[in-house]
Structures are given as C-alpha cells and as structure tokens.
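Fold and contact review
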Amino acid sequence: MTTTETGAATAADAALYARVQQFYAWQMGLMDDDDAEAWADTFTEDGEFREPSRMEPLAGRAAIRSSARANVDRRVAAGLRIRHWVGMLQLRPGPDGTLLARSYALAMRTPAGGALEVFASVVCRDVLVPHGDGWLVRRRDLTHDAAR
Amino acid sequence: MTTTETGAATAADAALYARVQQFYAWQMGLMDDDDAEAWADTFTEDGEFREPSRMEPLAGRAAIRSSARANVDRRVAAGLRIRHWVGMLQLRPGPDGTLLARSYALAMRTPAGGALEVFASVVCRDVLVPHGDGWLVRRRDLTHDAAR
Amino acid sequence: MTTTETGAATAADAALYARVQQFYAWQMGLMDDDDAEAWADTFTEDGEFREPSRMEPLAGRAAIRSSARANVDRRVAAGLRIRHWVGMLQLRPGPDGTLLARSYALAMRTPAGGALEVFASVVCRDVLVPHGDGWLVRRRDLTHDAAR
C-alpha cells in the first residue's frame, strides 16, 4: 500500500472500522475457542487461504475447514491454549463492493500450567465480501515475519 | 458466546465500541501507573473480581482496592514496570442496561534496565454498568490461558 | 493524565478515535515497511522526537528522517523484520486545535528464519496537529518501560 492509499485522507468511516474490528475479534475468537468449523464458515465457499509456508494455497471452504480442524486437534492433543490478536488494521475499498483489510496478527500459545509464548508476527491481507450484516473472507494472504 | 451472539450482525455501534475501547485504555492505565485506588474506583461498591487462581473472589470495592494496593506495592518494591493491553473486544447488551464485554488481555513487565517479559494471556469477561457518561465494572471474570 | 482528564466522560468522538487508530496503523506501517522517508514526512518540519535514551531530542523533520534512515539501514543489514503495535490509545484536545495522544507501543523483531522477540514496551505521547484530512506529529515523547 502506498502513502496515498492508506493515509488519513482515506481513513475508513468509523462505523465500518469498528465493525471490522469486531469481525476480527469474533472470527479469531472462534479459532481460539477450538471451533474450527464455525471459523471455516467465515470464509466464502470458494475462499482461499495462502501462506508462504504452504506449497499450495488452501482452496475452498472445505479444504480450509479440514486444515483448521487438524490444527485444532493437534494443539488440543498437545495441551496448548492459543490466542490470536489482530491489530493495526487498515481498510480500503476493493473492486465490486469488497473490502481490502490489512492487519498485523500475533499468535501466542500457553501450555497448561506453563509459560506464555508469543511465537509469530504475521501480516494478514484479506479480501472481505459483504455477507448479510457482516463479511466473509474470500481470500487471506498471510506473510510471516520470519519467512524471507 | 455463540456465533449468533457475537457475529457481525450484532456488532456494537461504533460510538459505543470506541468509548469502551477508551474506557479500558484509561482503566488499565490507572493500574499501570500504580494508582490502585483510582483503579478500584472503576468498580461498583459491590463489584466482584474473580480469577481461578484465587480461592475466593474479591467481593466489594474495598477488597478490590486493598488487593490492588498490595499488588502495586509488591511490584514497586520489586522494581517492575507493568503494562496491560486489552484487545479483541466484543460487546453485547446484558440485562438491565448492562454491557457484557469480552476481551483478551496481555500482561507484561519490565525490570529497570532489564528485558520485557510478556508473561500472561488472559480472557477478561466484564459486566459493565452505566455510570455518568461511562461505566463501572460490576463483575470481572479472568481466565488465564495457563489455568486448566 | 488525571482520572478527570482521561475518563469516559471525555472519551473522544468515535469518528475521531477511529481515524487516529488508522493514522497510527498507517504511520507505524511505513516504518515497518522500511520507508523511513515517508515515515519522517508524518512529522512537522519543526517536529521533535524525544526518548530518554538519547542525549538530545531529534529536532526537525530532516534530523528525524536521517535517524530513521540509519535505523532502517541497520536493521535491513542485520536481516531483521520489525513490527510496531500501537494500542490502548487515549485522546484529549490540546491547545490551538492540537490533539494529545497517549498510547502504548510494542516493538518486536524477527530475524529471517528465526524467532519473534517482543523486545520493548513504550509509552508514546504525541502532539498531533491537523494537516489536510489527517495529522502530522509535532512532538513525540517516548518512555521505555526499562528506562528508570
């Protein structure tokens, strides 16, 4: 994003900004609460999930759901509680009524009775499409700070 | 909270959301600035403070104040600066004009001249009651990620 | 700031609050994206940047730019990705149309292929002056939690 695209002159309307903040609090909370299926339902049927550490993007809600369920099962088996924080949100309008959201995300985990570890900083670029009173994620691109 | 309760369809009004964000920035800042008494005054007289690591909840503002003062004195004696971050805020209306706020909190500390330690991730569930132009906390339930 | 100054009674208007949140997401993002020059342009020509670890404040945008460029060059050479999070924002009106912003900032870094380190917690006090549809920083005072 350039200065022109993201500066205060193009700041999103407060109502929109607050709603997207709440969308992320809710969406990430579903995953943190181990509800992989409800989380997957926040993607479109044809949603894509991309991160450089995967050879291929996850294509479609079913693939996203299945991957998320496997992740949740692994960490429950490992006795880990996970939290995702989203912050530093920037919004701009995309084509066809979509919303382009760029945010920072922090991933952290805590074993039962153990110490908190903040283990990853990620840049999250989403294409959000309107759905009812909210949105669905059509495409998510994650860039890990460690991945270069 | 269920999907239905916390999805974008029930997103809090932007004005309310921004005010509660500021309430938490201010409230946590009081504690971080070692003002245990002003912090305790953000609870109702009959306020409760619950966290699983305590055998009994703190019942009433006086008990909350006294516990907070002891905490502040301990960490000042230990030469620690503390910070509380609140994020991932979700709001929904409660009974009798109350507001139910769920947020994530991170607690961190830094010794003088030493290294930052982000030491706890907590889920904070508050019952907020209107008070003047703001709120008081009637009940706070903390769940530490390590406590299972 | 006192209780009276920062309590909910003086909470900033939601539109203003959302715009300043976005200002910081954008401003910090410029630095994190290694664009020291665009970042420096968010300060006034006579802007000041103060932190206790410096003997002298940086006075003027040119000095701020030159210091920022040196910082960026150093960390690029060291192979570090950096992220700044701003949160816990409190606003109040200052003299002559300025805006006084107090926030917490977290600084973190990740080496290529390495582990995330959240290395500093800072309190950031800014004097923002209106500029076009946004703001410029006239003065920034940083207080590191480790510095006492």
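Rules of the game
- Residues numbered from 1 in each chain as written.
- Chains lettered and ligands numbered in written order.
- Predicted model: local features only at pLDDT ≥ 70, side-chain atom pairs only at ≥ 80, totals over all residues.
- Heavy atoms only, no water.
- UniProt positions renumbered as here; feature names shortened; annotations may be inferred.
- Helix = DSSP H or I, 4+ residues; strand = E, 2+ residues; numbered from the N terminus.
- Phe/Tyr/Trp six-rings, centres within 6.5 Å; stacked < 30°, edge-to-face > 60°.
- Buried < 20%, exposed > 50% of the residue type's maximum accessible area, 1.4 Å probe, protein only.
- Lys NZ or Arg CZ within 6 Å of the ring centre and 35° of its normal.
- Least-squares fit on C-alpha atoms with pLDDT ≥ 70 in both.
- Contact = heavy atoms within 4.5 Å.
- Expected span 1.5 Å × (residues − 1).
- Arc of directions from axis to C-beta.

Observations concerning the UniProt feature "domain: SnoaL-like" (unreviewed entry) in chain A
Those places that UniProt annotates as "domain: SnoaL-like" (unreviewed entry) correspond, in this numbering, to residues 15–141 of chain A. With 31% helix and 47% strand, residues 15–141 of chain A has its two end C-alpha atoms placed 25 Å apart.

Brief notes about the packing of aromatic side chains
Tallied over the entire structure, the rule returns 21 aromatic pairs over all chains. Centroid distance Phe23 of chain C to Tyr24 of chain C: 5.4 Å. Interplanar angle 70°. Geometry classified as edge-to-face. By the burial criterion, Phe23 of chain C is buried, and Tyr24 of chain C matches it. Measuring from ring centre to ring centre gives 6.2 Å for Phe43 of chain C and Phe49 of chain C, while their planes differ by 55°; the resulting arrangement is tilted. Note on accessibility: Phe43 of chain C and Phe49 of chain C belong to one class, buried. Residue placement shows Arg83 of chain A over the ring face of Tyr104 of chain B; its charged tip is 4.9 Å from the ring centre. Over the ring of Phe119 of chain B we find Arg109 of chain B; its NZ or CZ atom is 3.9 Å from the centre of that ring.

Some points on the relation of the copies chain B and chain C
If you rotate chain B by 120° and push it 0.0 Å along the axis, it lands on chain C with an RMSD of 0.0 Å. Taken together, the rotation and translation relating the two chain copies correspond to the operation of a three-fold axis. Minimal C-alpha distance to the rotation axis in chain B is attained by Ala14 of chain B, lying at 3.7 Å. Comparing contact sets, just 16% of the residues at the interface of chain B also lie at the interface in chain C, consistent with a heterologous contact between different surfaces.

Structural notes on helix 4 (residues 61–77) of chain B
Residues and elements named next belong to chain B. Here helix 4 contains 17 residues, and its C-alpha end-to-end distance of 24 Å stays within 8% of the 24 Å for a straight helix at 1.5 Å per residue. Of the residues making up helix 4, those classed as buried are Arg61, Ile64, Ser67, Ala68, Val72 and Arg75. Down the axis of helix 4, the smallest arc covering the buried residues is 135°, so these residues share one side. When the buried face of helix 4 is taken as reference, the exposed residues oriented beyond 90 degrees from it are Ala62, Arg74 and Ala77. Tucked inside the fold, the buried residues of helix 4 contact helix 2 (14–32), helix 3 (36–40), strand 1 (43–50), strand 2 (58–59), strand 3 (80–93) and strand 6 (134–144). Positive phi appears at Gly79, one or two residues downstream of helix 4, with a value of about 70°.

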